[in-house]
Amino acid sequence: MPARPPRPVRPSRPTRAPSTPVFGLARVLSKRGICSRSQGERLAREGRVRVDGRVIRDPEFPIAGHERIEVDGEGAQSAAPVYIVMNKPRGLVVTAADERGRDTVYSLLEGAGLPWLGAVGRLDKASEGLLLMSNDTVWAAGITDPATHVPKTYHVQVSGQPDEATVAAMLEGVVDEGEALRAGSASVLRRGEKTAWLEVTLDEGRNRHIRRLMAALGFEVQRLFRVAIGDLALGELGKGQWRHLTPEEIQTLRRRP
């Protein structure tokens, strides 16, 4: 039997270099800890951002990472990461600029010489307690992303006397305005004559989650304190005060979004 001729060797395809990720200008400013994404959009539209010496008004202008970006004539390099915990008082809103002129949590940081910081999650105006702030947007996303299930613990004062059936209903959950609202865990801390205090833990948070959940069960929330996020407890931090997180606390809260 005659020997088969050798198969021709096919030339190998050239290996393509991995493509460089491209992001919109406003997102790049946010990822560098310069400002929030919405603030970046506003800065671009106001003509205050230059890319390689050219004014760029499009917040979605593609940035590959090698470009020189300036904001108000200053280089927009990545800011050093800052992580703080604050004991938010009642009556302050968690926003950098409120269109209704209300006092914001940023008034507590005035004169501290900090770079732009974004709130890691929200507390409404009437709520109090532990609030994280950082310019590390990846770290923040890991805490707020529902997929990472970082628990948030609250102490909640409600009118009336919730019983074990109420606690069971909180764990079972309700549907309000098309959204499923439930507690990850709940217990009665103490009772008064007309009110009671609950400890409630959420694995994920929706807008006014606890207030809506309790209202659906017939209870009005009178006070709401966030006392912990993950293993980080508010502790003895005074109302309106803030401090930098320790490296250990930063690492403990780090999640991959």
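These numbers come from a predicted model, not from an experiment.

Draft legend 1. Focus on the UniProt feature "domain: RNA-binding S4" (unreviewed entry) in the protein. The feature "domain: RNA-binding S4" (unreviewed entry), as given by UniProt, occupies residues 23–85 in the numbering adopted here. Here residues 23–85 is 25% helix and 27% strand, with 29 Å between the C-alpha atoms at its ends.

Draft legend 2. Structural context of the sheet that holds strand E3 (residues 54–55). Across the sheet, four strands lie side by side as E3-E2-E5-E6; this open sheet has antiparallel pairing. With one partner strand each, in any of the chains shown, E3 and strand E6 (74–75) form the two edges of the open sheet. Where strand E2 (residues 49–51) meets E3, two bridges bridge the pair, whose relative direction is antiparallel. Across the sheet, residue Val51 finds its bridge partner in E3, namely Arg54.

Draft legend 3. Spatial organisation of the environment of His66. Among the structural elements, His66 can be located in the loop between strand E4 (62–63) and strand E5 (69–71). With relative accessibility at 67%, the residue His66 sits in the exposed group.

Draft legend 4. Main features of unusual backbone geometry. Positive phi outside glycine occurs at Asp72, with the angle close to 55°. Looking at where Asp72 falls in the secondary structure, it is placed in the loop between E5 and E6. For Arg208, which is not glycine, the phi torsion reads 55° and is therefore positive. When you line up the elements, Arg208 lands in the loop between strand E14 (195–202) and helix H5 (209–216).

Draft legend 5. A look at the packing of aromatic side chains. Applying the stated criterion across every chain yields a total of two aromatic pairs. Residues Trp197 and Phe225 carry aromatic rings whose centres are separated by 6.1 Å and whose planes lie at 40° to one another, so their mutual orientation is tilted. Note that Trp197 is positioned in strand E14 and Phe225 in strand E15 (residues 221–229), a separation of 28 residues in sequence.

The rules we used
- Residues numbered from 1 in each chain as written.
- Predicted model: local features only at pLDDT ≥ 70, side-chain atom pairs only at ≥ 80, totals over all residues.
- Heavy atoms only, no water.
- UniProt positions renumbered as here; feature names shortened; annotations may be inferred.
- Helix = DSSP H or I, 4+ residues; strand = E, 2+ residues; numbered from the N terminus.
- Pairing = 2+ DSSP bridges.
- Buried < 20%, exposed > 50% of the residue type's maximum accessible area, 1.4 Å probe, protein only.
- Phe/Tyr/Trp six-rings, centres within 6.5 Å; stacked < 30°, edge-to-face > 60°.

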